[in-house]
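Chain by chain, the residues run as shown.
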Amino acid sequence: MQIVQTNVSLQQAAIPNKLQQKGCFVSVGGTNLAAGAVATVVSAASFSALTPSAELQAKYNSFTANNKGNIAFDILELGAVVGTAATITAISAYVAANPKKYYSYLLPNGLQADATLAPFLSLHSAQNEMVYFYFASDATVAVNFAGIKSARQSINSLAAATTENIAAAWMAVELNYNPSVSNKKTQAEFAFLFGVTQYALTGTDDVNFKTWNLAYAGSGAEGGISNTILRNAKGCDSKPTGYWYAVDWAQIETNQAIANAIINGSNMQPPLSYDNQGINALRDVAQSRGDAGIAFNLLLQCTVTAVDLVTYTTQNPTHRPLGVYNGLQCRAVPQGGFEAIVFN
């Protein structure tokens, strides 16, 4: 008879969730795809094979010029939809049917003046919504999107060539973030831009664009830098894009890490049980992701707390028999960057 027997439990590491690097160009009859079809673009050849329209070509040019990580993206073909309202309706239906499929959508040109665009964008502005819409806008309608978290509007330079698109360049900057200890998250404000023309501000443009959260390609000349830079990189709720990126990252990472711990804990010895030790273990898992967020320059602070077993089950006597625990709480402060300095 064998004296010693070893029991081995395997833990499966979580596959990284790449939602925040998933983007989609929305086309209205601009490719050879059938209506409703989606194609993934991984190279110039795969893009050219779609026989893209001039509008899509311009977006591709500016996206790839700023796509330093060679992030693949999809093109959703809606078909030859007639009218801006019908286009917005079709986009709305697709997004509703495909939640959390894409983090960023690049909308067709010419939708900004349609009265149904703002209400559609407002539907996707809850704190746990993780989707953003990049679109071309202008000074006549920019104010219409005030307060809308999911709206990211920008304006092309009046001198821009027809072969460029500032919204696509901005989306590429955002999708290329892949935070880690060695690749800390930077703010999108002042990010270097390539392949787009600087907007020559006149009169009250500077003040108005900032008020409207209207992004544009600016100049780095104030800092002695010749590069074109991204200005007003905010959602229309006036929060820097990095704010919601950090909040979304924390939700994604914490959810996956806790689910992974519960699944692995149900297949190992000793198992993860509904007791104080198990509660504390899940709290520590969540805190570890918060600590990673700090290390990645996503979060300034993060503290995870948990209600102990006796207190929680006393307050919620029906939860433990069902395996339900709602006693975790995370208080996190997103990291930010400098935007203006005043000397007194």
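Quick note: structure is the one above.
Residues numbered from 1 in each chain as written. Predicted model: local features only at pLDDT ≥ 70, side-chain atom pairs only at ≥ 80, totals over all residues. Heavy atoms only, no water.

Glancing now at the layout of surface pockets. Considering only enclosed or pocket space, the largest pocket measures out at about 520 Å³ in volume. If you go around the largest pocket, you meet 19 residues; those closest to its centre are V247, A250, Q251, C330 and A332. Of all the secondary structure elements, the ones that give two or more residues to the lining of the largest pocket are helix 7 (241-265), strand 10 (299-306) and strand 11 (328-334). Residues belonging to the lining of the largest pocket are distributed by class as follows: 13 nonpolar, six polar and no charged. (1 Å grid on protein atoms, 1.4 Å probe; cavity = no way out; pocket = protein on both sides within 12 Å on 5 of 7 lines; lining within 4 Å. Points joined across faces, edges and corners; volume = space filled by probe spheres on them. Helix = DSSP H or I, 4+ residues; strand = E, 2+ residues; numbered from the N terminus. Nonpolar A, V, L, I, M, F, W, Y, C, P; charged D, E, K, R; others polar.)

The strand order across the open sheet formed by three strands is 7-9-8, and the pairing between neighbours is antiparallel. Lying at the two open borders of the sheet, with one neighbouring strand each, are strand 7 (192-193) and strand 8 (216-219). When strand 7 meets strand 9 (residues 228-231), the two strands line up antiparallel, connected through two bridges. Counted as the bridge partner of F192 is I229 from strand 9. (Pairing = 2+ DSSP bridges.)

Bringing the pairing of strand 2 (residues 38-41) into the picture now. With burial as the criterion, only one face of strand 2 is covered, namely that bearing A39 and V41; the residues V38 and T40 on the opposite face remain uncovered. Across four bridges, the pairing between strand 2 and strand 3 (residues 73-77) is antiparallel. By the bridge assignment, A39 is partnered in strand 3 with I75. (Buried < 20%, exposed > 50% of the residue type's maximum accessible area, 1.4 Å probe, protein only.)

This part covers the packing of helix 7 against helix 8 (residues 276-295). The N-to-C vectors of helix 7 and helix 8 enclose an angle of 145°; their axes lie 9 Å apart at closest approach. Between helix 7 and helix 8 lies a crossing of right-handed hand. Of helix 8, the residues touching helix 7 (which contributes W249, E253, T254, A257, I258, A261 and I262) are L282, V285, A286, R289, A292 and G293. Class assignment for the residues of the contact of helix 7 with helix 8 results in nine nonpolar, two polar and two charged. (Axes fitted to C-alpha atoms, helices over the stretch in contact; angles between N-to-C directions. Left-handed = near helix turned anticlockwise from the far one by under 90°. Contact = heavy atoms within 4.5 Å.)

Here the focus is a nonpolar patch on the surface. A cluster of nonpolar side chains, F192, F194 and I225, forms an exposed patch at the surface whose accessible area comes to about 270 Å². Looking at where F192 falls in the secondary structure, it is placed in strand 7. Residue classification places F192 among the partly exposed residues on the basis of a relative accessible area of 41%. (Patch = residues over 30% accessible without salt bridge, like charges linked within 9 Å, V, L, I, M, F, W, Y side chains within 5 Å. Areas by Shrake-Rupley, 256 points an atom, 1.4 Å probe, with all protein chains shown as cover. Salt bridge = Lys/Arg side-chain N within 4 Å of Asp/Glu carboxyl O.)

For the rest of this paragraph, the subject is the environment of A306. When you line up the elements, A306 lands in strand 10. Through-space distance from the C-alpha of A306 to that of E339 is 36 Å; in sequence the pair is 33 residues apart. In contact with A306, other than residues within four places in its own chain, are I279, R283, Y325, G327 and L328.

This paragraph deals with the pattern of salt bridges. One pass over the full model with this rule turns up five salt bridges. Notably, a salt bridge pairs R289 with E253, separated by 2.9 Å at the nearest N-O pair. Of this pair, R289 sits in helix 8 while E253 sits in helix 7, and the two are 36 residues apart along the sequence. According to the relative accessible area criterion, R289 is partly exposed, its value standing at 22%. E253 gets classed as buried once you look at its relative accessible area, which sits at 15%. The partner of D284 in a salt bridge is R283, with the nearest N and O atoms 3.1 Å apart. Judged by its relative accessible area of 27%, R283 falls in the partly exposed class.

Let us look at the packing of aromatic side chains. This structure, assessed with the given rule, holds 21 aromatic pairs. Consider the rings of F47 and Y60, whose centres lie 4.0 Å apart with planes at 5°: the pair is stacked. Remark: Y60 occurs in helix 2 (residues 54-65) and F47 occurs in helix 1 (residues 44-48); sequence separation between them is 13 residues. This pair shows no difference in class: F47 is buried, exactly as Y60 is. Plain terms: the ring middles of Y103 and Y245 are 6.2 Å apart, the flat faces sit at 85° to each other, and that makes the pair edge-to-face. (Phe/Tyr/Trp six-rings, centres within 6.5 Å; stacked < 30°, edge-to-face > 60°.)

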